[in-house]
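Residue-level structure breakdown
Residue-level listing of the chains:
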Amino acid sequence: VTATNLHFRNGQGGCYPVYGCSMAGAFHNDGITHLSFSSVIGSRGATNGGGIVNKHHLTLENCVVEDNRALQVGGGIYSSGYAHPSSLTVRDTRVYGNMTGGGGAGIHVEESEVLLERVTVQHNAAFGTPSANAYGGGLSVKSGSEPVTVVVTDSVFTDNYSSASGGAIFAS
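Enumeration according to the criterion identifies three aromatic pairs in this entry. Between Y135 and F170 the ring centres are 4.4 Å apart and the planes differ by 20°, which places this aromatic pair in the stacked class. In this pair, Y135 is assigned in the loop between β20 (125–126) and β21 (139–142) and F170 in strand β25 (residues 169–171), connecting sequence segments 35 residues apart. A residue is classified by how much of its surface remains accessible, and Y135, at 21% relative accessible area, is partly exposed. R94 extends its terminal NZ or CZ atom over the ring of Y96, reaching a point 4.0 Å from the ring centre.

All right, on to the sheet that holds strand β10 (residues 57–61) then. Consider a sheet: its strands pair through backbone hydrogen bonds, and that pairing is either parallel or antiparallel. Sheet architecture is open: six strands sit in the order β1-β6-β10-β14-β18-β22, paired in parallel fashion. Strands at the two margins of the open sheet, each flanked by one partner only, are β1 (2–4) and β22 (150–153). Each strand of the sheet is rotated relative to its neighbour by a mean of 5°, with strand direction disregarded. As judged from the five bridges shared by strand β14 (residues 87–91) and strand β18 (residues 113–117), these two strands associate in the parallel manner. Residue L88 lies in a different strand from β18, and its bridge partner there is V114.

With 23 residues, the main nonpolar core has I52, L60, I77, L88, V95, I107 and L116 as its most contacted residues. Put simply, the parts of the chain that give this core at least two residues each are β10, β14, β17 (107–110), β18 and β21. Those residues in contact with I107 that sit more than four places away from it in its chain are I77, L88, V95, L116, G138, L139 and S140. In this structure, M23, A24, V53 and Y78 belong to the second largest nonpolar core, which totals five residues.

Tallied over the entire structure, the rule returns four salt bridges. Across the pair R94 and E66 runs a salt bridge, and its minimum N-O distance is 3.6 Å. Remark: E66 occurs in strand β11 (residues 64–66) and R94 occurs in strand β15 (residues 94–96); sequence separation between them is 28 residues. In this structure E66 comes out as buried when scored by relative accessible area, which is 16%. Note that D92 is salt-bridged to R118, the shortest N-O span being 2.7 Å. With D92 in the loop between β14 and β15 and R118 in the loop between β18 and β19 (120–122), the pair connects residues that are 26 residues apart, well separated along the chain. The exposure class assigned to D92 is partly exposed, which follows from its relative accessible area of 30%.

With that out of the way, let us pick up the side chain of S39. Along the chain, S39 falls in strand β7 (residues 39–41). In this structure S39 touches L6, H7, F8, R9 and V64, once residues within four positions along its chain are discounted.

A regular strand places its side chains so that they alternate between the two faces of the sheet. Of the two faces of β17, the one holding I107 and V109 and the one holding H108 and E110 are both buried throughout. Of the strand pairs in this sheet, strand β13 (residues 77–80) and β17 are connected by four bridges, and their pairing is parallel. Residue S80 lies in a different strand from β17, and its bridge partner there is E110. Inspection of the sheet shows β17 paired to β21 by four bridges, in the parallel sense.

Conventions and cut-offs
Residues numbered from 1 in each chain as written. Predicted model: local features only at pLDDT ≥ 70, side-chain atom pairs only at ≥ 80, totals over all residues. Heavy atoms only, no water. Phe/Tyr/Trp six-rings, centres within 6.5 Å; stacked < 30°, edge-to-face > 60°. Helix = DSSP H or I, 4+ residues; strand = E, 2+ residues; numbered from the N terminus. Buried < 20%, exposed > 50% of the residue type's maximum accessible area, 1.4 Å probe, protein only. Lys NZ or Arg CZ within 6 Å of the ring centre and 35° of its normal. Pairing = 2+ DSSP bridges. Axes fitted to C-alpha atoms, helices over the stretch in contact; angles between N-to-C directions. Core = buried A, V, L, I, M, F, W, Y, C linked by side-chain atoms within 4.5 Å. Contact = heavy atoms within 4.5 Å. Salt bridge = Lys/Arg side-chain N within 4 Å of Asp/Glu carboxyl O.

Here it is as structure tokens:
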């Protein structure tokens, strides 16, 4: 899927007794997707990924991911490679003002390859306790049985907050 000028506002991922909890507040990617000149603003995820959940291959270029909330991790973007290999590429994008009750308020990555180029990650906040994994206000990276590769170039992390550790970046 390729989309340009696509704008998500105030999405809500919720819980339903039959289906369980939805993760993505606005956009859930299980395929190969490229979004450009798009925005995800003001969305809420019931668990992970207040704005975006990526479980396969996602590219964001010239986008805004702003003011999204997740109860657990990945307020702006949650990228996971548990089900199958995944990758997240973000270029010329602003990740701003996202919040979580856990970690990775701006971007949370679990077993997913990541490339960040010319990205501004600013004013994101991970609240909670260390037991709630409130690590990495800007970016939280969690590796599992396989190493995770994260490449960050020409990017800015500023004014991010974590109530546990790693206001800007936390990697484990």
